[in-house]
Amino acid sequence: MKRIITFGTFDVFHVGHINILERAAQYGDHLTVGVSSDALNFSKKGRYPIYPESDRCKIIRSLKFVNEVFVEESLEFKKKYIEKCNADILIMGDDWAGRFDWVNEICQVIYLPRTPSISTTEIIEVVKSIK
Ligand code: C2G
C-alpha cells in the first residue's frame, strides 16, 4: 500500500486544484492533503486567503479521492508531517520544483506539471475587474 501526501492552500478552489489532487491520488492508495493555514498563507503571499482554512479543509475533505486532511502550519514542518502520515511519496505542482528536495531522504518527491492558464490570483483579478 502506497501513501501519498501533498500540500497547498487551495483557495478559491478551481480545476487546477482538482487536477493535481486527482493525479496525486493515482500514484498510490491513500492521499493525505496538508492545507496551508491562513497564517502560513499570509507569510507566503502577504495576504490572507479569500476562504478561511476551515472552509478550505471542508472542501478538500469532501473530494472522493482524498482520504485525510490536516492544517499545515509551517513549510519547515514538512518532514514531521510526512513521518506522521507515513507517506511514501510527496507530490507538488512544478511551481515548487526543487523546493522540497530536502525531504527526499525520507520519501520520494515528485513535481507534476501545473494546469496551464488558471490560478487563484488570476481569478481574483478577473472578478475584481468586473464592473
Ligand atoms: N496547482 C496546479 N495548477 C494550477 C494551480 C495550482 O497544479 N493551475 C497546484 C500547485 O502546484 C500546488 C497545488 O495546486 O501543488 C495547490 O496550489 P496552491 O493552493 O497555490 O498552493 P500553495 O499556496 O503553493 O501552497 O507546502 C506547500 C504549500 O503549502 C503550497
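In this text, all values refer to a predicted model and were calculated from it rather than measured experimentally.

## Points about the site of the ligand
The immediate surroundings of the ligand are formed by 22 residues, with Thr9, Lys45, Lys78, Asp95 and Ile118 found nearest. Between the ligand and Gly93 there is a distance of 3.0 Å, counted from an oxygen atom to a backbone nitrogen or oxygen. One of the backbone nitrogen or oxygen atoms of Thr115 is found 2.8 Å away from a nitrogen atom of the ligand. The fraction of the free accessible surface of the ligand (640 Å²) that becomes covered by protein chains is 96%. Of all elements in the fold, only strand 1 (3-8), helix 1 (15-25), helix 2 (38-45) and strand 4 (89-93) reach the threshold of two or more residues within the shell around the ligand. With three residues, helix 1 is the largest single contributor of residues to the shell around the ligand. Among the residues forming the shell around the ligand, the class breakdown is eight nonpolar, eight polar and six charged.

## Regarding the sheet that holds strand 5 (residues 108-112)
With parallel pairing, five strands are arranged side by side in an open sheet as 3-2-1-4-5. On the outer flanks of this sheet lie strand 3 (68-72) and strand 5, each paired with one strand and no other. Between one strand axis and the next, the sheet turns by 25° as a mean value, whatever way the strands run. With five bridges joining them, strand 2 (residues 30-36) and strand 3 adopt parallel strand pairing. Counterpart to Val33 in the pairing with strand 3 is Val69. Against the sheet, helix 3 (residues 53-61) touches strand 2 and strand 3, its axis set at about 165° to strand 2.

Cut-offs applied
- Residues numbered from 1 in each chain as written.
- Predicted model: local features only at pLDDT ≥ 70, side-chain atom pairs only at ≥ 80, totals over all residues.
- Heavy atoms only, no water.
- Near = heavy atom within 4 Å.
- Polar contact = N/O pair within 3.5 Å; in protein donor to acceptor, adjacent residues only side chain to side chain.
- Areas by Shrake-Rupley, 256 points an atom, 1.4 Å probe, with all protein chains shown as cover.
- Helix = DSSP H or I, 4+ residues; strand = E, 2+ residues; numbered from the N terminus.
- Nonpolar A, V, L, I, M, F, W, Y, C, P; charged D, E, K, R; others polar.
- Pairing = 2+ DSSP bridges.
- Axes fitted to C-alpha atoms, helices over the stretch in contact; angles between N-to-C directions.
- Contact = heavy atoms within 4.5 Å.

Fair warning: the whole summary comes from geometry, so function is off the table for now.
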